[in-house]
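Residue-level structure breakdown
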Amino acid sequence: NPNAVTTIDDAALYTKAVRSLFLETTDLSASRFAGHYGHYFVAGSTARIPDQYGDGFDNNYNAMFDGLYGGAIRHIEEVLTITSSPKTQNPVRNAMANVIAVLAYAKATDAYGDIPYTQGGKGKTENIVHPSYDTQESIYKDLIARLTSSISILQGADAALGYPNSEPIFNNDMEKWVRFANSVRLRLAMRIRFADNALSKATVAQCLTAPLMETNDHNAFIIQTEGTGNAWFNNRTGFPSIKMSVRLIDQLQGSADPRLSVFVSKNSNGTYSGMVNGLDDTAFGASNFADKSDIGIPLSSPNSKIYLISAAETWLFRAEAALVYDEDAVVANQMYRQGIKTALGQWEIDASDIETFMGSAVASLSGVNNEEQIGTQLWLAVIPNYFEGWTQIRRTGYPVIEQRTADNLSQGVTNGVLPTRFLYSSFELNSNYVNVSAAIANQGPNRIDTPVWWDKN
Amino acid sequence: QTSISGTVLEKDSDLPLLGVSVLVKGTTTGTTSDFSGNYSLNNVAEDAILEFSYLGFKTLEVPVTGQVIINVRLEEDGQKLDEVVVTALNIERDKESLGYSISQVDATQVNVVRENNVMNSLNGKVSGLQVTQSNTGVDGSSRIVLRGITTISGNNRPLVVIDGIPIDNGGGGTGQGGGVDRGDALSDINPDDVASISVLKGAGASAAYGSLGINGVILITTKTGNKRPGIGVSLSSTFMFTDIMLTPNFQNEYGTGFFNDFAPINADGKPVLDYPFSWSWGPRLEGQSYTNWLGQTDSYSPQGNPYKDFYQTGYSIANTVAFEGRSDKTSFRMSITDEDIQGIVSNNTLGKQTFNIRGRSQLTDKFSIDGKMTFITSKVENRPDLAEGNGNTALQLSLMPRDIRLTDVRNNTINAQGQEIKWNLDNTFNNPYWALNHLRNTDNRDRFQGLLAIDWKMFKNFSLTARTGMDYRVFDYTSHGARGAQSIKSGLGEYSHNNGKSRIWNSDMLASYKAEIGGFKLTASVGAMHRDEAFNNQYINGFDSKVRDFYNISNYKNSFSSESITKKAITSYYALGQFQWGGYLYFDTSLRNDNSSALPKDNNSYWYHSENLSFLFSRAFGLNPKFISKGKLRASHAIVGNDTGAYRTQAFYNVDQTVTLPYTVASIPGSLPSFDLRPETSKSWEIGADLGFFNNRLMLDFTYFETNTKDQIQAVPISGASGFETVVVNAGNIKNNGIEVQLNAVPVETDNFQWNLGVNFTKNNSFVASLNEGLSSIELGRLWSVSVEARPGEEFGGLYGNDFKRDNFGRKLITDNGLTQRGERILLGNINPDWFGGISNTFRFKNLSLSTLISVQQGGEFYSYGRAYRTYFGTDKRSLVGRENGIIEDGINENTGFKNEVAAPAFLKQFTDIFSNEVSKDQVLDASNVKVREVTLTYSFPQTILRDTFIQSASLSAIGRNLFFLYNAAGDIDPEAGYSSGPTGTAFEHSSLPSTRSYGLNLKLNF
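Everything numeric in this text was worked out from a predicted model, so none of it was measured.

**Details of empty space enclosed by the protein**
All names here are of chain B. Counted under the stated rule, the structure contains 15 cavities of 30 Å³ or more. Its volume calculated, the largest cavity comes out at about 680 Å³. Contributing to the lining of the largest cavity are 37 residues, with E115, Q133, G137, T242 and T996 lying nearest its centre. Those elements that place two or more of their residues in the lining of the largest cavity are β17 (233-246), β20 (314-326), β21 (330-342), β53 (929-940) and β56 (995-1006). The leading source of residues in the lining of the largest cavity is β56, at four residues.

**Description of the packing of aromatic side chains**
Summed over the entire model, instances satisfying the criterion amount to 84 aromatic pairs over all chains. Plain terms: the ring middles of F258 of chain B and F259 of chain B are 4.5 Å apart, the flat faces sit at 70° to each other, and that makes the pair edge-to-face. F258 of chain B gets classed as buried once you look at its relative accessible area, which sits at 4%. F259 of chain B sits in the partly exposed class, given a relative accessible area of 27%. Above the face of the F289 of chain A ring, K243 of chain A is positioned so that its terminal group lies 6.0 Å from the ring centre.

**What to know about the packing of helix α9 (residues 246-254) of chain A against helix α15 (residues 370-381) of chain A**
Residues and elements named next belong to chain A. One way to put it is that α9 packs onto α15 with a least axis distance of 12 Å and a crossing angle of 115°. In this view, α9 runs roughly perpendicular relative to α15, as classed from their interaxial angle. Considering how the two elements wind past one another, α9 and α15 form a crossing that is left-handed. Contacts between α9 and α15 involve R247, L248, Q251 and L252 on the former and, on the latter, T376, W379 and L380.

**Focus on a nonpolar patch on the surface**
All names here are of chain B. On the surface, F845, L848, L850, L937, Y939 and I945 cluster together into a nonpolar patch covering about 510 Å² of accessible area. Taken together, the elements giving at least two residues each to the nonpolar patch come down to β47 (848-858) and β53. Along the chain, L848 falls in strand β47. The class for L848 is partly exposed, based on a relative accessible area of 37%.

**Section: the interface of chain B and chain A**
Taken together, the contact pairs 66 residues of chain B with 61 residues of chain A. For the pair chain B and chain A, the summed buried area comes to about 5200 Å², and 57% of that belongs to carbon and sulfur atoms. Remark: the boundary between chain B and chain A carries three salt bridges. When the shortest N-O distance is used, the salt bridge between R822 of chain B and D55 of chain A registers 2.8 Å. Our count for the chain B to chain A interface comes out at 21 residue pairs in polar contact (both at pLDDT 80 or more).

Basis of the calculations
- Counting restarts for each chain, with residues numbered from 1 along the sequence as it is written.
- A letter from A marks each chain and a number from 1 marks each ligand, given out in the order of writing.
- Since the coordinates come from a predicted model, pLDDT governs what is reported: local features require at least 70, and pairs of side-chain atoms require 80 or more to be given and counted, while whole-chain, interface and lining totals use all residues.
- Hydrogens and waters are ignored; side-chain quantities use all the structure's heavy atoms.
- Here a cavity denotes grid points, spaced 1 Å and computed from the protein atoms alone, that fit a 1.4 Å probe unable to get out, and a pocket denotes an open set having protein on both sides within 12 Å along at least 5 of 7 lines; residues with an atom within 4 Å of a point are the lining.
- Grid points are joined across faces, edges and corners, and a volume is the space filled by probe spheres set on the points.
- Runs of H or I in DSSP of at least four residues are treated as helices and runs of E of at least two as strands, each being numbered from the N terminus.
- Pairing of aromatic rings covers Phe, Tyr and Trp, the last counted by its six-membered ring, and requires centre-to-centre distances within 6.5 Å; plane angles under 30 degrees mean stacked, over 60 mean edge-to-face, and any other angle means tilted.
- Accessibility here uses a 1.4 Å probe with only protein chains present; expressed as a share of the type maximum, an area under 20% marks a residue as buried, one over 50% as exposed, and anything in between as partly exposed.
- In this analysis the charged atom, NZ for Lys or CZ for Arg, is taken to sit over a ring once it is within 6 Å of the ring centre and within 35 degrees of the ring normal.
- Here, axes are lines fitted to C-alpha atoms. For helices the fit covers the stretch in contact, and angles between N-to-C directions go from 0 to 180 degrees.
- Should an angle fall under 35 degrees it is taken as roughly parallel, and over 145 as roughly antiparallel, whereas 65 to 115 is taken as roughly perpendicular and any remaining angle as oblique.
- Left-handed describes a crossing whose near helix is turned anticlockwise from the far helix through less than a right angle; right-handed describes the clockwise counterpart.
- We call two residues contacting when some pair of their heavy atoms lies within 4.5 Å.
- Patches here are clusters of residues that have more than 30% relative accessible area and form no salt bridge, with a 9 Å joining cutoff for like charges and a 5 Å cutoff for nonpolar side chains (Val, Leu, Ile, Met, Phe, Trp, Tyr).
- Computed with a 1.4 Å probe, the accessible areas rest on the Shrake-Rupley method; for each residue, only the protein chains presented here act as cover.
- When a carboxyl oxygen of Asp or Glu lies within 4 Å of a side-chain nitrogen of Lys or Arg, that pair is called a salt bridge.
- For any pair of parts, buried area is found by adding up, for both, the accessible area (1.4 Å probe) each one loses once the two are put together.
- For this analysis, a polar contact is any N or O atom pair within 3.5 Å, provided that within protein one partner can donate a hydrogen and the other can accept it, and provided that sequence-adjacent residues contribute only side-chain to side-chain pairs.

Here you go:
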């Protein structure tokens, strides 16, 4: 076959996996689903249908499922095999690949709940074409264990053994890699706070013994320079356009948050005007959608950054941990303020505006609704990783997304309650019936309002 | 013993016939007639019988009985009493000796009613053959299926062989996302050069072609020029108009807006053009004053059928001049054809020139050569974008609100900033005139076919033929979309250029030995064939133009390129045997071994065989020809293997095309390879009878067949959680059976008047016996929410889609809002017709003849997303239901259990059912239809008029094609109007171009 090669350096597959992982933060899961569920925006025309809490999106559910497994997972599994095979083994590369694999599987299980994990993505490496499913509980435990072992390898690792010249996130900087892997571990530890409190607490303690992401220099981002550039650029300028949610605008405006002009553009009248999420067709028709505010320019320029995880998010996790595990409100407040400051810094807000905002009430924990404050700031800090935003809401219940009861809002198939997962598609049911049926029996009905294991709020 | 000489003339014209075989019956002594039709034979026994035979003429036997001069006139074999047909490996055979079903179509049936794609002319004429012409602009492709679909993932297209050389028979069409139909390889066959077409339906007939012939074979023989009397110039001229036959039914009562209201007006004075205000759910059109989409005050009135004004009457002109000549030993034919077509889309044109040179020479008594060169050059401009493509003008027009004036659309395509102007913000739907002017493509194709064949009668009874031929194609496609339309790379503009070449080279050799022992005749042959396929292709693509209206890759800021090379070779060896006993019992057998480079080394050699039996009981029992003039029973059995495409047995990595990255990115293909593929096998048998009654005034051919294709090589879908989409395996078993009947009758025959009637009937069943283990379905195609699937235990080609949600009694469950809900995914139909056929009539009165062809299809379903789209956009006539008072769904309230009495607004119902809930129950339509395919009225100028001119013969025909439906179950949608010519191409219709009819004149002159 003259069109392709039969052997390749695993670096080229590693870059593919990493890039896939980043690009998956802008895929359908965000633009059609999580962006709506997280009440960040409303997509135009018929792309907004998931905002009505329906579940008739078999093709999309399938595309996202196949996209996750066929993107980062397909390629990182091969890297894991290559880097652990006797002739080509490389523990540093293997550890880095493990961190990427953990993020890829974490997103898949956060989206669907129980998924094929131990047998997942092994079509080529182990000839498994009908993989069995694992419980989310067992997956999370293993993901945390994998991170722990990767972090110990990466600490003090020889960078030359990594991916010099072909490492898209940190240009192979091992110190940043340790912070990154450890911060991911912290995210996962906090994720299971309500489902396995003991493991969560123990893991958080472990995380605090190693370096974490602290400044915006440590953020895991890339700039998509290939093709038409940043996907949100196309969503702003193309069709169907997205208009920012009144929920987001109210939050930012209500707290005089300087990120308003970063996240939201003014409309043609020069004002910020948000879209209400969940309008039924009649109300949507009358909503003057075209004149609502677009997504902000800094989020949606061709060279805008897309993120996997940030220092701001990490600080806010630490604040939450300090609050609930150490019961130390003072430290929690310090971390909370550090998180907000870092989050504002991430968007290059003027120092004076940061100063002003840090002086406002929202920038300090009030002692009354600390968890809600942290949850709300997490919701803002993860932008533009909208999938993470929806996931935070599911985990903590903050910000509170009320059940939809108004006459002009669509209740969908959940009776107006925020959806909690994606469906297994009919394609998966057709091609892997026995295994997916077992997962449904274990997890609960294949519905969009069946909570995943860690979702106790 | 005596010497005999004489002249052989054609009966009607008294013109000499060259090359007539004159044989002393029962011996091998014989000669052929020369240029003047003269022959002479020495040492003939006085009681001998001379046999004069000539292809296409009735064989004449004349007892010598002491004569020394025997002049004969041969009569053209109108009814083909002893029909000679071309069979596999270009062997000419008596039709009666064949144990399988074969249909032959004459030149006149394809070159009077001339079609750009010769295959379309076979539609309705041959039992077992289903030809569906897509509605995809000039030079579009056609779906061709012989005896039903046998393989799940293969292309199922029959092999096409021209003068013994198998050519590229690839298909065309596009997918649901849009694109253009680049035509299929068969549209390059010039109808004016065709002498005859044989259709080999079953594996028994095509086994000699091995795996290539697994889907049947269409054998085309081109004219050689050895039969024409006169000075040898012939001219054929066709001029046809093409106009719109069928368009969707639009409503004319409601225009732009939403919920019976106008759209709000923006600050810029224009109405809000976003969904849903750009749909046709506004107020009633009553001529009232309103602000139109351009922001002008206008009168709100219906604007008629936009298709009628946007599309124009097309035409096609085809002229062929052929020169033919001959000498004692040599004959030749040279022809040139020029064809120009103007489609119904104003910028869609075709220009094609075909040069053809064919020569044959009898170098010595024993050695002859045959050579051919065909060169075809064609250029197609602006193949129309189809389906959901953003350049599909039919989609744009069909969804345009009913109050928008087409002249406004035409006069407002581009603003001062160079941006497209349109009435909506939806990316998919461009302004059709913008699309016409700024989304363009050009296809250039050159094709060369060469052939050289030798025939060497080495010894008595032993001959050798060898043939080599090439089909070489070069293509060069460019397309561009201008800057300024959101749908074209976010307004940046796009350009692509694709070129490549394909070469298929076939060489074969056959050695035959004939023997006769008593009444037992035997022909034994051994042969070998080598086929070599090579394809390569380079593609460059760029977007973000630097300068306007300049289409060259250098003008684009981002560019990508790719190339691919595909090579495959098959070497085959075969043996054939023909046995004949007593002139009434024939037995054929063939054995073939293929070696394919596409299969793993351990499995790459595979065998086939076939056995065919023919018994002429009318001859064996000496039946009275006045009653039973022909009686033949036949039976055939064959096993055929098949290989697969290149490079499916190897794991590999693709290197990604990146422009900005400082590192290399590689990816793993989504289909897992298989390392132990075996060839597919297809077993088939057929039985049949050919019967003639009343001196063959009534003839009936009947065939029943069964085919079973196992171990199909296909990429089966696997769980996406494996990280991969498909794995290539040997799996799947499809069983086909069917009945084919062909009836020909001459109900009336007098000197001046003759009526010929032909009826053919085909019934096929394809049944999926099994798929890969654990796999409950394979999706073969999808449009929106409807898929064509193969499911084990079901008919092949089921259409699956969502039903409404129902209770146990089948009643629809309605919400409190009066809306239906999405229910189970169920079988909604099947793409295969219950049966299909054709009825042809020819009436000849003196020099005037009238032919008609009517095609019939009963059953089969297709999904019209075009209609679904128009219905929820509110432009379709069906969207009028319940506009004022809403629609009360027939069903029960899901909460109360009582009959639903809540009226849902019509818009909400249509949008929710079709779009939100993806319920497709009501959009799957019956494809049954009866269509008048061809009407031809021909006047042949009588010889009495032409006698004193230099014109040998002349005829003028008035012709019409695809004139109208006598019956169409789908009403305003043409069931053949698909966008793909793939195996499941008839399943889906999506906003196709309007169906057309064509009519015109054909003039034929021979000098």
